[in-house]
Amino acid sequence: MNVILHPTDFSDCAHAAFEHAVRVAAHRKAELHLLHAVVLHGERTVDPFAHFPSADEVAQRVRDAALSELSDLGSRAAAADARIEVKEVSRRGFYPAQVILEYTEEVRADLIVMGTHSRSPWKHFLLGSVTEAVMGRSPTPVLAVRQGKEETREARPPGTIVVATDFSSSSRRALETAVEWARAEEAPLDLVHVVEPPVWVDAYTPGGLEGALFETEELKEKALELLEEELERLELEGAEPETRRHVLEGHPPEEIVAHARHSDARLIVTATRGRTSWEHLLLGSTAERIVRFADCPVLVTPGPGSGD
């Protein structure tokens, strides 16, 4: 891992992500790029009663303020670990996600570390969409850090890394990334699959409710076999990392978040796209729902089509 990118808007939420970006950069001996997107429509340029300077003048004023903030962050990162090489960058654009994705490609970033917001639906709609837009299009894994409990987690012993899988090609890539992180962090790995109960309708299940339950148990047994095959495919050596298998039943985002909370996970790893691309378009993907409600940071790996 050579380049870690931390986009920031200097909010409290971004501050929580900054702390994680510094820690990962120091641990992986990577360059840390601090990026701020200068977006002019934040200056109320549509107000007919406002007297404001030209767009270029506004952009320069915002850029100067951003560079000052970035310089402060760079100094803090260097103070945390003198080995970290920090680059401070301000880029102008129409939408923050576009600026972030273009810069990611330019520097070939290996990881993006971003803040995301609280559970409030209204705040999420207004402020969380940039992170989700980057997650959905980035060719690079995105570490999403929610402001809150995770800020005190670093003082505690390392917990489990939870990786969610649905056996798709996207989730296999997430598993490979999770194994890499578990080794680097010297943390145990929980491999989790969630079986969704089949819809029980008399016409579809002549055996009644017992028949439906029996089918669910069969699915869980099959899932355990597939989890074992996934681990064999990775050809893990010995107990590095220590790996456990879990097959849960219910709604995937809820069960994965609950399992992570119960196991005091330090990180959840999941793919941005699995088998249900239409669900991503209409309802929000499983990854997005995990990011919204998880207590710990969530590492989202790109799936097929990301960056297109």
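As the structure is a prediction and not an experimental result, all values here were calculated from the model.

### Some points on the pairing of strand 2 (residues 31–39)
Step number 1: Burial within strand 2 is extensive, with eight of its nine residues counted as buried.
Step number 2: As paired elements, strand 1 (residues 3–7) and strand 2 share five bridges and run parallel to each other. The residue of strand 2 that forms the bridge with leucine 5 is histidine 33.
Step number 3: As for the winding sense of the linkage, the β-α-β connection from strand 1 through helix 1 (residues 12–28) to strand 2 is right-handed.
Step number 4: Pairing of strand 2 with strand 3 (residues 86–93), which is carried by eight bridges, proceeds in the parallel orientation. Residue valine 38 lies in a different strand from strand 3, and its bridge partner there is arginine 92.

### A short note on the side chain of threonine 270
Step number 1: Take threonine 270: it is sitting in strand 9 (residues 267–271).
Step number 2: A residue is classified by how much of its surface remains accessible, and threonine 270, at 5% relative accessible area, is buried.
Step number 3: Apart from residues no more than four positions distant in its own chain, threonine 270 is found in contact with Ala164, Ala174, Ala287, Ile290, Val298, Leu299, Val300 and Thr301.

### Topic: the sheet that holds strand 3
Step number 1: In space, the 10 strands of this open sheet follow the order 3-2-1-4-5-10-9-6-7-8, with mixed pairing throughout. Edge strands, defined here as strands with exactly one partner in the open sheet, are strand 3 and strand 8 (243–249). When the angles between neighbouring strand axes are averaged without regard to direction, this sheet yields 25 degrees.
Step number 2: Taken together, the four bridges between strand 6 (residues 161–164) and strand 7 (residues 189–195) define a ladder with parallel strand orientation. When the sheet's bridge partners are listed, valine 163 is paired in strand 7 with leucine 191.

### Some remarks on the packing of aromatic side chains
Step number 1: Taken as a whole and assessed by the stated rule, the structure comprises zero aromatic pairs.
Step number 2: The ring centre of tryptophan 181 lies 4.6 Å from the NZ or CZ of arginine 28, which sits over that ring.

### A short note on the pattern of salt bridges
Step number 1: Taken as a whole and assessed by the stated rule, the structure comprises 16 salt bridges.
Step number 2: Here glutamate 132 and arginine 292 are joined by a salt bridge, their closest N and O atoms 3.1 Å apart. Placement of glutamate 132 in helix 5 (residues 129–137) and of arginine 292 in helix 11 (residues 286–293) is noted, with a sequence separation of 160 residues between them.
Step number 3: For arginine 292, a relative accessible area of 26% puts it in the partly exposed group.
Step number 4: When salt bridges that share partners are traced, they join Arg172, Glu176, Glu230 and Arg233 into one network.

### Describing the pairing of strand 6
Step number 1: Alternating residues of strand 6 divide into Ile161 and Val163 and Val162 and Ala164, and every residue in both groups is buried.
Step number 2: The parallel pair strand 6 and strand 7 is bridged by helix 7 (residues 169–185), and the resulting crossover is right-handed.
Step number 3: As judged from the three bridges shared by strand 6 and strand 9, these two strands associate in the parallel manner. Among the inter-strand pairings, valine 162 is bridged to a residue of strand 9, identified as isoleucine 268.

### Some words on unusual backbone geometry
Step number 1: At arginine 108, a position not held by glycine, the phi torsion is positive, near 55 degrees.
Step number 2: Relative to the assigned elements, arginine 108 resides in the loop between helix 3 (96–107) and strand 4 (111–116).

### Thoughts on the confidence of the model for the chain
For residues with low pLDDT, the predicted coordinates do not support detailed interpretation.
Step number 1: Per-residue pLDDT for the chain has a mean of 77; in total, 70% of the residues score no lower than 70.
Step number 2: Looking at the elements of the chain, mean pLDDT is at its lowest for helix 10 (residues 277–282), recorded as 40, and at its highest for strand 1, recorded as 95.
Step number 3: Below a pLDDT of 50 lies the segment residues 150–157, which in the model reaches 16 contacts outside its immediate sequence neighbourhood of four places, other chains included.

Cut-offs applied
- Residues numbered from 1 in each chain as written.
- Predicted model: local features only at pLDDT ≥ 70, side-chain atom pairs only at ≥ 80, totals over all residues.
- Heavy atoms only, no water.
- Buried < 20%, exposed > 50% of the residue type's maximum accessible area, 1.4 Å probe, protein only.
- Helix = DSSP H or I, 4+ residues; strand = E, 2+ residues; numbered from the N terminus.
- Pairing = 2+ DSSP bridges.
- Right-handed = clockwise from strand over helix to strand, strands pointing away.
- Contact = heavy atoms within 4.5 Å.
- Axes fitted to C-alpha atoms, helices over the stretch in contact; angles between N-to-C directions.
- Phe/Tyr/Trp six-rings, centres within 6.5 Å; stacked < 30°, edge-to-face > 60°.
- Lys NZ or Arg CZ within 6 Å of the ring centre and 35° of its normal.
- Salt bridge = Lys/Arg side-chain N within 4 Å of Asp/Glu carboxyl O.
- pLDDT = per-residue confidence, 0-100.

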